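Architecture at a glance
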Amino acid sequence: MAEVLVVVEATQAFGVKKVTLELLTLARRIGSPSAVVLGGPGAAAELAGKLAEYGAEKIYAAESEEIDGHLVAPKATVLANLVREVQPAAVLLASTQEGKEIAGRLAVKLDNGLLTDVVDLDADGTATQVAFAGSTIVKSKVTRGLPLVTLRPNSVTPEPAPATPGTVALEVAATEADKLAKVVERVAEQKGSRPELTEASIVVSGGRGIGNADNFKLVEEIADLLGGAVGASRAAVDSGYYPHQFQVGQTGKTVSPQLYVALGISGAIQHRAGMQTSKTIVAVNKDAEAPIFELADFGVVGDLFKVLPQAAEEIRKRK
Amino acid sequence: MNIVVLVKQVPDSGAERNLTSDDNTVDRGSANNVINEMDEYAIEEALKIKEAHGGEVTILTMGPDRATESIRKALSMGPDAAVHVVDDALAGSCAVATSKVLAAALGTLNADLILCGAESTDGRVQVLPHMLAERLGVAALTGARKLTVDGASLTAERQTEEGYEVVSAATPAVVSVWDTINEPRYPSFKGIMAAKKKPVRTLSLADLGVSADEVGFAGATSAVVEHSKRPPRSAGTKITDEGTAGTQLVEYLVTEKFV
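Residues numbered from 1 in each chain as written. Chains lettered and ligands numbered in written order. Predicted model: local features only at pLDDT ≥ 70, side-chain atom pairs only at ≥ 80, totals over all residues. Heavy atoms only, no water.

Going by the annotation in an unreviewed UniProt entry, the name recorded for chain B is Electron transfer flavoprotein subunit beta, with Spirilliplanes yamanashiensis given as the source organism. Regarding chain B, the UniProt comment filed under Subunit (unreviewed entry) reads as follows: "Heterodimer of an alpha and a beta subunit." Chain B has a UniProt comment under Function (unreviewed entry) that states "The electron transfer flavoprotein serves as a specific electron acceptor for other dehydrogenases. It transfers the electrons to the main respiratory chain via ETF-ubiquinone oxidoreductase (ETF dehydrogenase)." (UniProt positions renumbered as here; feature names shortened; annotations may be inferred.)

Under an unreviewed UniProt entry, chain A has the name Electron transfer flavoprotein subunit alpha and belongs to Spirilliplanes yamanashiensis. Reading the Function (unreviewed entry) entry of the UniProt record for chain A gives the comment "The electron transfer flavoprotein serves as a specific electron acceptor for other dehydrogenases. It transfers the electrons to the main respiratory chain via ETF-ubiquinone oxidoreductase (ETF dehydrogenase)." In its Sequence similarities (unreviewed entry) section, UniProt records this for chain A: "Belongs to the ETF alpha-subunit/FixB family."

1. Quick notes on the layout of surface pockets
All names here are of chain A. Approximately 450 Å³ is the volume attributed to the second largest pocket. Lining the second largest pocket we find 27 residues, and of these R208, S233, A235, I265 and S266 sit closest to its centre. Listing elements by their share of the lining of the second largest pocket, those giving two or more residues are α7 (234-238), α8 (269-272) and α9 (304-318). (1 Å grid on protein atoms, 1.4 Å probe; cavity = no way out; pocket = protein on both sides within 12 Å on 5 of 7 lines; lining within 4 Å. Points joined across faces, edges and corners; volume = space filled by probe spheres on them. Helix = DSSP H or I, 4+ residues; strand = E, 2+ residues; numbered from the N terminus.)

2. With respect to the interface of chain A and chain B
Facing 90 residues of chain A, the contacting portion of chain B comprises 80 residues. Across the interface of chain A and chain B, roughly 7400 Å² is buried in total on both sides, 54% from carbon and sulfur atoms. Its largest share of buried area at the contact with chain B, chain A owes to F132, Q250 and F298 of chain A, together 10% of the area lost on that side. For the interface between chain A and chain B, the tally reads eight salt bridges. Where E101 of chain A meets R158 of chain B, a salt bridge forms, and the shortest distance between an N and an O atom there is 3.4 Å. (Contact = heavy atoms within 4.5 Å. Buried area = accessible area lost by both parts, 1.4 Å probe. Salt bridge = Lys/Arg side-chain N within 4 Å of Asp/Glu carboxyl O.)

3. Observations regarding the packing of aromatic side chains
Residue and element names in this part refer to chain A. For the structure on display, the rule yields three aromatic pairs over all chains. With 4.5 Å between their ring centres and 20 degrees between their planes, F216 and Y242 make a pair best called stacked. You can see F216 sitting in helix α6 (residues 216-226) and its partner Y242 sitting in the loop between α7 and β15 (259-263), a full 26 residues away along the chain. Comparing F216 with Y242 shows no difference in burial state: the two are buried. Aromatic pair Y242 and F246: ring centres 5.2 Å apart, planes at 55 degrees, arrangement tilted. With respect to class, Y242 is no different from F246; both count as buried. Each residue in the set F216, Y242 and F246 is aromatic and connected to the rest through ring pairs, giving one cluster. (Phe/Tyr/Trp six-rings, centres within 6.5 Å; stacked < 30°, edge-to-face > 60°. Buried < 20%, exposed > 50% of the residue type's maximum accessible area, 1.4 Å probe, protein only.)

4. Some words on the UniProt feature "domain: Electron transfer flavoprotein alpha/beta-subunit N-terminal" (unreviewed entry) in chain A
When the UniProt feature table is mapped onto this chain, "domain: Electron transfer flavoprotein alpha/beta-subunit N-terminal" (unreviewed entry) is found at residues 4-187 of chain A. For the annotated span residues 4-187 of chain A, helix accounts for 30% and strand for 33% of the residues, and the straight-line distance between the end C-alpha atoms is 33 Å.

5. Focus: the domain arrangement of chain A
Residue and element names in this part refer to chain A. Domain annotation of chain A identifies domain 1 (3-179) and domain 2 (197-318). For domain 1 versus domain 2, the distance between C-alpha centres works out to 31 Å. With 10 residues of domain 1 in contact, the opposing surface of domain 2 contributes 13 residues. Both sides of the domain 1 and domain 2 interface together cover about 840 Å² of buried area, and 46% of this is carbon and sulfur. Broken down residue by residue, the surface that domain 1 buries against domain 2 is led by A133, R152 and N154, which jointly contribute 58%. (Domains from an automatic or database assignment.)

What follows is the structure, encoded as structure tokens:
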């Protein structure tokens, strides 16, 4: 069976990202999954267990300080060489900033088509995308080269399929041009134990209706009680209530969790662009006419500062 | 510093947008077309760098004739000149082909710094800065929320999932910016009047030495097989709080097995 290359993404805090497990699950529809770890020395060994559990038949390890110390260009070079060598049936990456950037460079290097933000992929390479704030479903195919696809997190349910992969070390031969963009410093910011926003199964977001930065504690409390991530609307971010990295919507993150809770968010189209494909949507807003209610499976018209404490109390009782 | 800012005209993201049924492309004819919002931040950043370090700011747009409106709007903010790549054969170009054409145009402009928005509101693909950097053999610093220019040295701060990164490169380089980097200025009346007289040079594919079969539908590397409108979400239960809505909300979450 032909190999399908899956480019692995991992974080310091949580190891292999959930989206990588989704990619391994998806890869099995097309061929034999080979996980590609691109990182600093020792990166692959730490991740191998999880990759094997989710069906990686082979692990390619490209480990080098050059990869760690630069932006994505050396990774794309390693991957392009690997694609030329093994002629895979498909190359799958996460639709994260980094995944898309590697894919973009790879598309140019190989003169190959590219499909991003894919939510589903058939065995024949037909990809499903959701466009225009979730309003349009598009089915596309790469027509030049192999299927080169980036998958939006939370699109596929990861399924374990234990395998016993061997590890193949890859040479990292970065060009001078690959080394032009250097990483000077990586700063990890304390985020506690909350899941990463785009990967979370539950997202609880606050909007302008939260009123001020201090009140965001209410949003965090509900998120923590539900085991979810915290998000914010652009209005809340622009008002300085919550940091930009948590912004959901057009110029922020796109999320597609099992449950999206919108608190004090009116639901402008730019916000809906980032959360419309959530499976279940719950909203609390004092304005009965807020457009968010058009999407909500369960909506509460009421005062957040009465509804939320009561809800928090009730969740505690039930736990 | 010679700065080129990439500007894309897109359908207004605040209104309904569609794909056409005849050729599966974005329906731009019936839409209210505007400057891609994130590109305005790139223009602002370019103008700030020019004000601090001197130089020239040129707008580069690839798009049909009507993109002229967006070019004039961009110029009204203060850039010096614009280049408009326009050719009927470009319709339907994929990202790979678009990067080829823009790289060819940039090849004629001798830019020290190429600035663009981190993504467009229509495609939201985010790959163009790296595709251009790959073709031009220059560095790409993407998603900058802060950019510092010191001579030929560029330092950017970019958001990551775990915090942020400080990244650096020497010019020439491509830098894409997020909307957290600055607050774009509004065009002044004087700026709007001046924009009408600023030079806008048009380039065709022949001018760039790119063949028509490498771009547009003919040269596309991916194709839309079919598209449909997603059925709108239907509203579910809506209750008005009469003192127990918090409890009812949790009851719903329990029913749906979230609690």
